[in-house]
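Structural features, examined
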Amino acid sequence: MLTSENKIPCLDLNKQHREIKKEIFEAFEKVYDQTAFSGGHFVAEFENHFAKFCNTQYAIGVNNGTSALHLALLALGIGPGDEVIIPADTFIATAWGVSYTGATPVFVDCTNDTWQIDPARIKEKITAKTKAIIGVHLYGQPFDIDAVKEICSEHDLFLVEDAAQAQGAAYKGIVIGCFGEMACFSFYPGKNLGACGEAGGITTNNETYYKHLQSLRNHGSMVRYYHDEIGFNMRMGGLEAASLSVKLKYLPEWNSKRRNIANRYQQEITNTKITMQAQPGWAKSVYHLFVVTTEDRDKLIKYLNQNNIYPALHYPVPCHLQKAYKDLNYKEGDFPNAEYLAQHCLSLPMYAELTDDEVSFVIDCLNNY
Ligand SMILES: *Cc1c(COP(=O)(O)O)cnc(C)c1O
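Computed from a prediction, not measured in an experiment: that's the story for all the values here. (Residues numbered from 1 in each chain as written. Predicted model: local features only at pLDDT ≥ 70, side-chain atom pairs only at ≥ 80, totals over all residues. Heavy atoms only, no water.)

It is worth spelling out helix H5 (residues 93-100) at this point. The set of residues buried in H5 consists of Ala93, Thr94, Ala95, Gly97 and Val98. Following H5 by one or two positions, glycine 102 has its phi on the positive side, about 95°. (Buried < 20%, exposed > 50% of the residue type's maximum accessible area, 1.4 Å probe, protein only. Helix = DSSP H or I, 4+ residues; strand = E, 2+ residues; numbered from the N terminus.)

Written as structure tokens, this is what we have:
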């Protein structure tokens, strides 16, 4: 039985890092002894592992997921005057990737049940300036890739996957990361696969993009001190890469533990005041987050906090209503589903190391609400 001292947060990174501390520190020591701190051998090794994991020809390590999106769009030649379609309900970095290139993000509403980009709403947003669609595998669940791809081929648009939350998720039985021109990953510590530090990556099957990305992340240079274009310093660090190679081995196990917890929430939470993300048959989610909605969110959060459960909000303001994008002139009411989600969502505790008792406690509390 759980006592009141056991705080159950939305995410706890401590348990996982204690369990693998020795292995991670051994990996750090190798990097240290070789002083391979920036790029280099350990990054290349992780890139090979990660490309295999995603079944792609290439993977490129960069310094974070936001840079991954930025560089992927640059490699596609996207820039000022162009438009890129993205869902309104995503972490803001999806939009940053577009804005950094000088292009304009064009937001689209989500469906009212899966909370993924709504393919039926995309067409009305396509103009002569549209160059690409970024689909986000939100909360770890793949979006409807085939439906979005069909729109892309009809209108000659690029598809980029924002896979920041979905390492290891599968669409119709195929691991995501290989469906678009490129897929962008974040290895922020809180993601399903998170570095001990900041990191990100891009997967692709296209050699031209791969080579261009290698140059872009490294000062626009393929031969040291010869710069073919204005590039960036966005390399992945060696310590981060070494920690990721260790953790990648455990990712399938961690993801399956998350799935087990999600299955229990889905089957055992019977309170009709709580609505869960719909899981289409083709989606195998890795449950980066377990988001639910409820009419009176403040009341539910207060009740859970009284029981020592601390949910989080992902995300309280949809992208189109963020101050940063006020010049784009969106207004409340533009995207009812994304706005409803922002106002009513909360994220239940979700991480691989939650114990059966903790999960039972969360379920009991929710059913007694
Ligand atoms: C985390 C995240 C990013 C950005 O990744 P960083 O590594 O934090 O820069 C981009 N898109 C989505 C959907 C994310 O969740």
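A separate point is the sheet that holds strand E17 (residues 345-348). Overall, antiparallel pairing links the three strands, which are arranged E13-E15-E17 in an open sheet. With one partner strand each, in any of the chains shown, strand E13 (275-276) and E17 form the two edges of the open sheet. Sheet topology note: the E13/strand E15 (residues 290-293) ladder contains two bridges and is antiparallel. Bridge assignment links methionine 276 to a residue of E15, and that residue is valine 292. In the packing of helix H9 (residues 238-268) onto the sheet, the strands contacted are E13, E15 and E17, and the crossing angle to E15 comes to about 20°. (Pairing = 2+ DSSP bridges. Contact = heavy atoms within 4.5 Å. Axes fitted to C-alpha atoms, helices over the stretch in contact; angles between N-to-C directions.)

Two numbers describe how helix H4 (residues 65-75) lies on helix H8 (residues 207-216): the axes approach to 10 Å, and their chain directions differ by 125°. In terms of orientation, H4 lies oblique with respect to H8. Relative to H8, the crossing made by H4 is right-handed. Residues Leu71, Ala72, Leu74 and Ala75 of H4 form the contact with H8, whose participating residues are Tyr209, His212, Leu213 and Leu216. Taken together, the residues of the contact of H4 with H8 sort by class into seven nonpolar, one polar and no charged. (Parallel < 35°, antiparallel > 145°, perpendicular 65-115°, else oblique. Left-handed = near helix turned anticlockwise from the far one by under 90°. Nonpolar A, V, L, I, M, F, W, Y, C, P; charged D, E, K, R; others polar.)

Let us look at the site of the ligand. In the vicinity of the ligand, 16 residues are found, and the nearest of them are Gly65, Thr66, Asp162, Ser186 and Lys191. Taking lysine 191, its side chain carries an N or O atom lying 3.0 Å from an oxygen atom of the ligand. Of all elements in the fold, only H4 and H5 reach the threshold of two or more residues within the shell around the ligand. Among the residues forming the shell around the ligand, the class breakdown is seven nonpolar, seven polar and two charged. (Near = heavy atom within 4 Å. Polar contact = N/O pair within 3.5 Å; in protein donor to acceptor, adjacent residues only side chain to side chain.)

Here the focus is the environment of asparagine 368. Residue position: asparagine 368 is located in the segment after helix H12 (356-367). The spacing of asparagine 368 and isoleucine 145 is 223 residues in sequence and 38 Å in space, taken between C-alpha atoms.

This part covers the pattern of salt bridges. With the rule as written, the count across this model stands at twelve salt bridges. Its salt-bridge partner being glutamate 358, residue lysine 15 comes within 3.4 Å of it at the nearest N-O pair. With lysine 15 in helix H1 (residues 14-19) and glutamate 358 in helix H12, this residue pair connects regions lying 343 residues apart in the sequence. Relative accessible area serves as the criterion here: at 9%, glutamate 358 is assigned to the buried category. (Salt bridge = Lys/Arg side-chain N within 4 Å of Asp/Glu carboxyl O.)

With that settled, the discussion passes to the packing of aromatic side chains. The description of two aromatic rings rests on the distance between their centres and on the angle between their planes. Summed over the entire model, instances satisfying the criterion amount to 21 aromatic pairs. Ring geometry for phenylalanine 25 versus phenylalanine 28: centroids 5.9 Å apart, planes at 40°, classification tilted. Here phenylalanine 28 and phenylalanine 25 lie together in helix H2 (residues 21-33), a separation of three residues that amounts to about one turn. Between tyrosine 287 and phenylalanine 290 the ring centres are 6.0 Å apart and the planes differ by 25°, which places this aromatic pair in the stacked class. (Phe/Tyr/Trp six-rings, centres within 6.5 Å; stacked < 30°, edge-to-face > 60°.)

Bringing the environment of tyrosine 351 into the picture now. Following the sequence through the fold, tyrosine 351 ends up in the loop between E17 and H12. Along the sequence, tyrosine 351 and leucine 321 sit 30 residues apart, while their C-alpha atoms lie 30 Å from each other. Apart from the residues within four sequence positions on either side, tyrosine 351 is in contact with Ile8, Pro9, Cys10, Leu11, Asp12, Arg258 and Ile261.

This brings us to the domain arrangement of the chain. Each assigned domain of the chain is listed here: domain 1 (16-248) and domain 2 (252-367). Residue-level contacts link 46 residues of domain 1 with 38 residues of domain 2. When domain 1 packs against domain 2, the two sides together hide about 3400 Å² of surface, and 63% of this comes from carbon and sulfur. It is Trp115, Tyr139 and Asn192 in domain 1 that bury the most area against domain 2; as a group they hold 24% of the surface buried on that side. At the junction of domain 1 with domain 2, the criterion picks out zero salt bridges. Those elements that provide at least two residues to the side of domain 1 that touches domain 2 are H1, H5, strand E4 (104-108), strand E7 (170-171) and H9. Examining the composition of the side of domain 1 that touches domain 2, we find that five residues originate from one element, E4, more than from any other. Considering only residue class, the side of domain 1 that touches domain 2 consists of 22 nonpolar, 15 polar and nine charged. (Domains from an automatic or database assignment. Buried area = accessible area lost by both parts, 1.4 Å probe.)

Turning our eyes to something else, we now look at the pairing of E15. Successive side chains on a regular strand alternate, one facing one side of the sheet and the next facing the other. Every second residue of E15 is oriented toward a common face, with Phe290 and Val292 on one face and Val291 and Thr293 on the other, all of them buried. As judged from the four bridges shared by E15 and E17, these two strands associate in the antiparallel manner. Within E17, the residue paired with phenylalanine 290 across the bridge is leucine 348.

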